[in-house]
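In case you want the letters, here they are:
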Amino acid sequence: MELKPPNNTCKRVLLSGFTLCLLLVTKPTSAIEIHADPEVKVENGTSGTLRCTFKSNEVVSSATTVTWSFQSNQPDNQFSKAPYVIFYFYNGKGVPGQDEFKDRVQFIGDINKRDASIQLSPAHFSDNGTYFCDVKNPPDVQGTHARTELVVVLRGSLPQNNTAIMVGAVCGALFLLVLIAVAACIVMRVLHNRHDYEGCTSLESVSSQAPQPRKKAESSLEGSRCTSPSGPLQGPVIYAQLDHSGSKNSFHKKEPVVYADIRKN
């Protein structure tokens, strides 16, 4: 009795091995992630920015494409039935879509930075609806597009941007501090100069008053000089009384009288 090989089992083994080889050799395709703002409010007649960014494991190239579509939420609008392409970006260039958005949509993103944002200017009430952003970065082409709800409101109904107010307040405070610092430096310099000037005047007054005692001393010396004789100093003067009778025989001599006069300086 002959044994037949199990053909079905061999086929299954071969198919499993082939599938395993394909899984090991072939690189799995990763899904691209696309993100956008859930809702954007803009005043009628002004500019509105629709932001869209993406994450991809592949290198961005000229084959990367960006597609923006719009579907109106107004039943009587021509774009309410299905999304319509309003902007297409490919090979580094933007291609306008529908005529209603042809001159109002501008690409402001940077593909190399994974930014696919657009700007709508000016915005109209008919632009209310849903905007879809879809990015393909071959071979990373699988992913779900992002969506943004655009709400166009009356002009002046949105609150003012607090960022500009805060920046202005900070700049004003810094400018005020600079003015205060400059004023303080000027006041300190003026006070310092005034102090130096008062010091100089006090020194001058002291120097003008200091020689006065010397003058008094000189004047006293001059007074003493005036009272003293102007001639040369004399020593003691002696007076003698002699006999002048003229008698030759008599040699009698009177008793001498001496007067001493000692003059002081």
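For the structure itself, look to the data block above.
Predicted model, so just to flag it, every value in this text is computed and none were measured.

Chemist: Looking at this structure, I do not really get the overall build of the protein chain. What am I missing?
Modeler: Looking only at helices and strands, one finds 3 helices and 11 strands in the protein chain. Ordering the α and β elements of the protein chain from the N terminus gives α-β-β-β-β-β-β-β-β-β-β-β-α-α. A total of 265 residues make up the protein chain; the buried ones form 19% of that total. A fraction of 58% describes how many contacts in the protein chain between residues 6 or more apart in sequence connect residues 24 or more apart. Working note: accessible area of the protein chain is about 20400 Å², and carbon and sulfur atoms make up 59% of it.

Chemist: I tried to follow the state of the cysteines on my own but got confused; where do I start?
Modeler: When the sulfur atoms of two cysteines share a covalent bond, that bond is a disulfide. Scanning the model with the defined rule gives 1 disulfide in all. Put simply, Cys52 and Cys133 are joined by a disulfide, and their sulfur atoms are 2.0 Å apart. Judged by the torsion about the S-S bond (-85 degrees), the Cys52/Cys133 disulfide is left-handed. Here the residue Cys52 occupies a position in strand S4 (residues 52-55), and Cys133 occupies one in strand S10 (residues 129-136), the gap between them amounting to 81 residues. Here Cys52 and Cys133 have matching classes, each one buried.

Chemist: Hey, could you run me through the nonpolar core in this one?
Modeler: One recurring pattern in soluble globular proteins is that nonpolar side chains are buried together. The biggest cluster of nonpolar side chains holds 29 residues, and the ones touching the most others in it are Trp68, Phe87, Phe101, Tyr131, Val135 and Leu150. At the level of secondary structure, the elements contributing two or more residues to this core comprise strand S2 (39-43), S4, strand S5 (65-72), strand S6 (84-90), strand S8 (105-107), strand S9 (118-120), S10 and strand S11 (146-153). Beyond its immediate sequence surroundings of up to four residues, Tyr131 is in contact with Leu50, Trp68, Ser69, Phe70, Ile86, Phe101, Leu120, Ala146, Arg147, Thr148 and Leu150.

Chemist: So what exactly am I meant to see when it comes to the sheet that holds S10 here?
Modeler: Each strand in a sheet pairs with another by means of backbone hydrogen bonds, the pair being arranged parallel or else antiparallel. Pairing in this open sheet of 6 strands is mixed, and the strands run S2-S11-S10-S5-S6-S7 from one edge to the other. The sheet is open, and its two borders are formed by S2 and strand S7 (93-96), each paired with just one other strand. With strand direction ignored, the average angle separating the axes of adjacent strands in the sheet is 20 degrees. Examined bridge by bridge, S6 and S7 share 4 bridges and lie antiparallel to one another. In the sheet register, Tyr90 faces S7, and the bridge partner there is Lys93.

Conventions adopted
Residues numbered from 1 in each chain as written. Predicted model: local features only at pLDDT ≥ 70, side-chain atom pairs only at ≥ 80, totals over all residues. Heavy atoms only, no water. Helix = DSSP H or I, 4+ residues; strand = E, 2+ residues; numbered from the N terminus. Buried < 20%, exposed > 50% of the residue type's maximum accessible area, 1.4 Å probe, protein only. Contact = heavy atoms within 4.5 Å. Areas by Shrake-Rupley, 256 points an atom, 1.4 Å probe, with all protein chains shown as cover. Disulfide = S-S within 2.5 Å. Core = buried A, V, L, I, M, F, W, Y, C linked by side-chain atoms within 4.5 Å. Pairing = 2+ DSSP bridges. Axes fitted to C-alpha atoms, helices over the stretch in contact; angles between N-to-C directions.

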